[in-house]
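Residue-level structure breakdown
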Amino acid sequence: MSSSVLYDLPGPRARLRNRVLGILTLVLVAAVIAFVVWRFVDTGQFSAAKWNVFTYSAIWVRFGEATLATLAAFAAAAVGALVLGFVLAIGRMSDHAWVRLPVGWIVEILRAVPVLVFMLLLYYGLPVIGIRMSSYWAVVIALIAYNGSVLSEVIRAGVESLPRGQREAGYAIGLRKAGVMRLVLLPQAIRAMLPVIIAQLVVTLKDTALGFIITYPELLYFARLLGSNGEYGSPLIPAAMIASVIYVAMCLALSYAAHRVEVGLRRSPKATRVAGAEPPGQTGTDTELIVAQRGLGKHDPGSPA
């Protein structure tokens, strides 16, 4: 049996066992899917009567309006979560304990409260004390609070994972802490953590579906409303399938857009000039690379001698 650096490679028996387990798993999954499809067919979920409602253009207009409502809540929540994430991340990395400790508690509390509970508190709890809030803002604020706290930890982890020399190089060329964070650390951290940030935004998009519980007219709310309509034969399963396809399409579109942004950042000339570990063929120190990135020449009066 051969071995690698990390683990022993499986032998003939282990490979055979893994193949058998893989085949059994595929057969089991296929059997479950076949059973579900058969039950749908047996209960008439694929009958023409259940799908006839989708031949009306007004139904698709309502689906479009519900999709736009979902995207409206997601857009506001995504922007707000990113802004809150940056603010909380910077607060957690503060050198002042009177800033760092309260922000840390805020992050932990916001992460601990489920999104649905937050929505219920905002929509049904605030009217008890005389504050009324629309379902749209209840959904948006709840998503901002939870996802912003999660993104703050993502950004903080990205900054703290950078080599210590990055920070020291920024201070060496005369930058203050705010300048080091804005010009040196955050660009690299965002580029490194972009896949995780996008994954959290996809979660934000899917969590907008929780708004149907507080009657926000988003995509799932309309699918449930249509599916429970006895006049159209209660097409709950067909409506849920249509809504699922729309959700998948939106998530794939968001992932593709994020992929294009990531590729663009990697091809950007600025990305190749960010100071990092010295690659083959690099000449000069990290400090000189950052000086060149900021456009400061060796003979610039403000540059160190």
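The following refers to the structure shown. What you see is a predicted model; the values in this text were computed from it and never measured. (Residues numbered from 1 in each chain as written. Predicted model: local features only at pLDDT ≥ 70, side-chain atom pairs only at ≥ 80, totals over all residues. Heavy atoms only, no water.)

Focus on the side chain of Glu218
- Secondary-structure assignment places Glu218 in the loop between helix 8 (177-207) and helix 9 (219-227).
- Buried charge Glu218 goes without a salt bridge, the closest partner of opposite sign being Arg224 at 9.3 Å.
- Contact partners of Glu218, with chain neighbours within four places excluded, come to Ala66, Ala69, Thr70, Thr208, Ala209, Phe212 and Tyr247. (Helix = DSSP H or I, 4+ residues; strand = E, 2+ residues; numbered from the N terminus. Buried < 20%, exposed > 50% of the residue type's maximum accessible area, 1.4 Å probe, protein only. Lys, Arg positive; Asp, Glu negative; His and termini not counted. Salt bridge = Lys/Arg side-chain N within 4 Å of Asp/Glu carboxyl O. Contact = heavy atoms within 4.5 Å.)

Description of the pattern of salt bridges
- Evaluation of the coordinates by the stated rule reveals seven salt bridges.
- The shortest N-O distance in the salt bridge between Glu65 and Arg62 comes to 4.0 Å. Of this pair, Glu65 and Arg62 both sit in helix 3 (residues 57-92), three residues apart, which is roughly one turn of the helix.
- Across the pair Arg92 and Glu108 runs a salt bridge, and its minimum N-O distance is 3.7 Å. Of this pair, Arg92 sits in helix 3 while Glu108 sits in helix 4 (residues 97-112), and the two are 16 residues apart along the sequence.
- Glu108 gets classed as partly exposed once you look at its relative accessible area, which sits at 36%.
- By sharing partners, the salt bridges in this structure join Arg92, Glu108, Arg111, Glu153 and Arg156 into a single network.

Notes on the packing of aromatic side chains
- Enumeration over the complete set of coordinates arrives at nine aromatic pairs.
- With centroids separated by 6.0 Å and ring planes inclined at 40 degrees, the aromatic side chains of Phe35 and Trp38 adopt a geometry described as tilted. Here the residue Phe35 and the residue Trp38 both occupy positions in helix 1 (residues 12-42), the gap between them amounting to three residues, near one helical turn.
- Classification of Trp38 by relative accessible area gives partly exposed; the value is 49%.
- Ring centres 5.9 Å apart and planes at 45 degrees place the aromatic pair Tyr136 and Tyr216 in the tilted group. Linking Tyr136 in helix 6 (residues 135-160) with Tyr216 in the loop between helix 8 and helix 9, this pair joins segments that are 80 residues apart in sequence.
- Overall, the relative accessible area of 22% leaves Tyr136 in the partly exposed class.
- Pairwise contacts between aromatic rings join Trp51, Phe54, Trp60, Phe63 and Phe222 into one cluster. (Phe/Tyr/Trp six-rings, centres within 6.5 Å; stacked < 30°, edge-to-face > 60°.)

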